[in-house]
Amino acid sequence: MDSVNFSQRTFFEPATSDLAQAIGRRMARNQLLYDLTTSNPGSCGLTPNTEKTLSPLQTPAAMYYNPNPRGILSAREAVAALYNNAVSPERIFLAASTSEAYSMLFRLLCDPRDQVLIPQPGYPLFDMLAALDNVTLQHYPLFYDHGWHIDLASLVAAITLRTRAILLVHPNNPTGHYTTQQERAALSRIAITHNLALIVDEVFLEYPIESEAGNSFTQPGEDQPLIFTLSGLSKICALPQMKLAWTTITGPAEAVAEATHRLDLIADTFLSVATPQQLALPTWLADRREVQSSIIARVKANLAELDRQIANTAISRLPVQAGWAAVLRVPATLDDTDLALQLVREAGVAVHPGSFYGFPPKGWLVISLLIDPQHFAAGINLLGSGIQQVNPT
Ligand SMILES: Cc1ncc(COP(=O)(O)O)c(C=O)c1O
């Protein structure tokens, strides 16, 4: 291998964690494992109707290639309708996934080593995406005090001359909380003052659980900065395999026009969205409520089972305003990755350590609420006894 030089940006430490190895070993030995980490709706038996999903792909129009960097108009019109037509289809860009949409925005806004602010705790998706686009991430803290809040003072303190955007996930994953209207107003003021864009990930917006649904950032507000709002099929329609997502652009007309022009060039270079999926999008979006209702019902039932089992134990949970995950508070006696390892090896149950999402290293675990209810109930039972073994009373 010494004749070839590889890029620094693809130099990563081996990715397999001790936890993944322990899970792999247990499965290789055919030992029972209750996996409470899965959040792929398909593996949890939560998919839209097969026939209804596949039929709009079978159209002769799918055989005709008419490339458009923003995507086929009928697909963008369907996305606009999702937001009550608050955004014109001209300001919507399709991409193969939300992850790809992020990458396009990083290239649009950042030169190498420019910075983007991201929330902590949060979903560990951005590290890799940012590294591949030579973008530096700075965390801004969220804190819990009768609900989750953005530490706005720390966020402002983290802004430097190289900061280009504030990223927020609304509702956030895995904390499951919506950004409040007051926070939205404060973030808009900060973004305008420092010439920053807002990148708002709304993939879980339509999954309210213990709260009313939050408002989309696509809806007009006062004194708006440049806002990119992201969502996609993987959560909205529980169809990650169909690889289709979108970005909407709102804000001051001049900035929107410039962003649109530049994104046209980026998207035109790749033209990454397949035609059949774009043609099927209006039907899939129109039908989305059916699978969303099943998912919301599943999440609520699993939460009720969780509450039943953890009542009067050393485990508690935070409220889940929205989304597919629950954050558990457990006695902070062991490092959470060691605890998660022990739970796999000795109790046969897999959970995510909170530190995986940027929680402090002790006392937090994260579980998926999409799991098949029987499997979930048995897994929580094992989790309860596993935690008790570590912390005998
Ligand atoms: C908050 C959030 N945004 C984006 C994604 C990725 O979505 P996509 O499949 O569209 O890349 C995920 C994946 O779980 C996520 O949790």
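All values derive from a computational prediction rather than experimental measurement. (Residues numbered from 1 in each chain as written. Predicted model: local features only at pLDDT ≥ 70, side-chain atom pairs only at ≥ 80, totals over all residues.)

**Observations regarding the site of the ligand**
Put simply, the test is: Near, for a residue, is defined by distance from a backbone-placed C-beta atom to a molecule or strand, with 6 Å as the limit that must not be exceeded. Gly falls in the polar group here, along with every residue not listed as nonpolar (Ala, Val, Leu, Ile, Met, Phe, Trp, Tyr, Cys, Pro) or charged (Asp, Glu, Lys, Arg).
In the vicinity of the ligand there are 13 residues, among which S97, T98, S99, G232 and S234 approach most closely. In terms of residue class, the shell around the ligand is made up of six nonpolar, six polar and one charged.

**Focus: the domain arrangement of the protein chain**
What counts is decided by this rule: The start and end points of each domain follow an automatic or database-based domain assignment. Here, residue contact means that the backbone-derived C-beta atoms of the two residues sit within 7 Å. In DSSP terms, a helix is any run of H or I states spanning at least four residues, a strand is any run of E spanning at least two, and both are numbered starting from the N terminus.
Its domain assignment divides the protein chain into domain 1 (8–48 + 289–390) and domain 2 (63–286). Spacing between the C-alpha centres of domain 1 and domain 2 amounts to 27 Å. On the side of domain 2, 28 residues touch domain 1, which itself brings 26 residues to the contact. Counting only elements with at least two residues in the side of domain 1 that touches domain 2, the list comes to α11 (288–310) and β11 (325–329). Take the side of domain 1 that touches domain 2: its biggest share by element is six residues, from α11. In the side of domain 1 that touches domain 2, the residues fall into 18 nonpolar, six polar and two charged.

**Some details on the sheet that holds strand β6 (residues 163–169)**
Worth spelling out the cut-off: Following DSSP output, two strands are said to pair if at least two bridges run between them. For helices, the fitted axis covers only the stretch in contact; all axes are lines through C-alpha atoms, and the angles between them, taken along N-to-C directions, range from 0 to 180 degrees.
In space, the eight strands of this open sheet follow the order β2-β9-β8-β7-β6-β3-β4-β5, with mixed pairing throughout. Both edges of this open sheet fall to β2 (92–95) and β5 (148–150), since each of them pairs with a single strand only. In this sheet, neighbouring strand axes are inclined to one another by 25 degrees on average, regardless of whether the strands run parallel or antiparallel. Where strand β3 (residues 115–120) and β6 come together, three bridges link them in parallel fashion.

**Observations regarding unusual backbone geometry**
Glycine aside, a negative phi is what most residues show, and trans is what most peptide bonds show. Selection rule: Comment: burial labels come from other C-beta atoms within 10 Å of the residue's own C-beta, placed from the backbone, where a count of 20 or more is buried, 12 or fewer is exposed, and between is partly exposed.
Residue P121 is bonded to the preceding Q120 through a cis peptide linkage, with omega at 5 degrees. Among the structural elements, P121 can be located in the loop between β3 and α5 (126–132). Cis geometry marks the peptide bond from H170 to P171; its omega dihedral reads 0 degrees. Relative to the assigned elements, P171 resides in the loop between β6 and α7 (181–193). Non-glycine residue N30 carries a positive phi angle of around 60 degrees. With respect to the helices and strands, N30 occurs in the loop between α1 (18–28) and β1 (34–35). A tally of 7 C-beta atoms within 10 Å means that N30 is categorised as exposed. In this model, H146 sits at a positive phi of 50 degrees, which is unusual for a non-glycine residue. Residue position: H146 is located in the loop between β4 (136–144) and β5.

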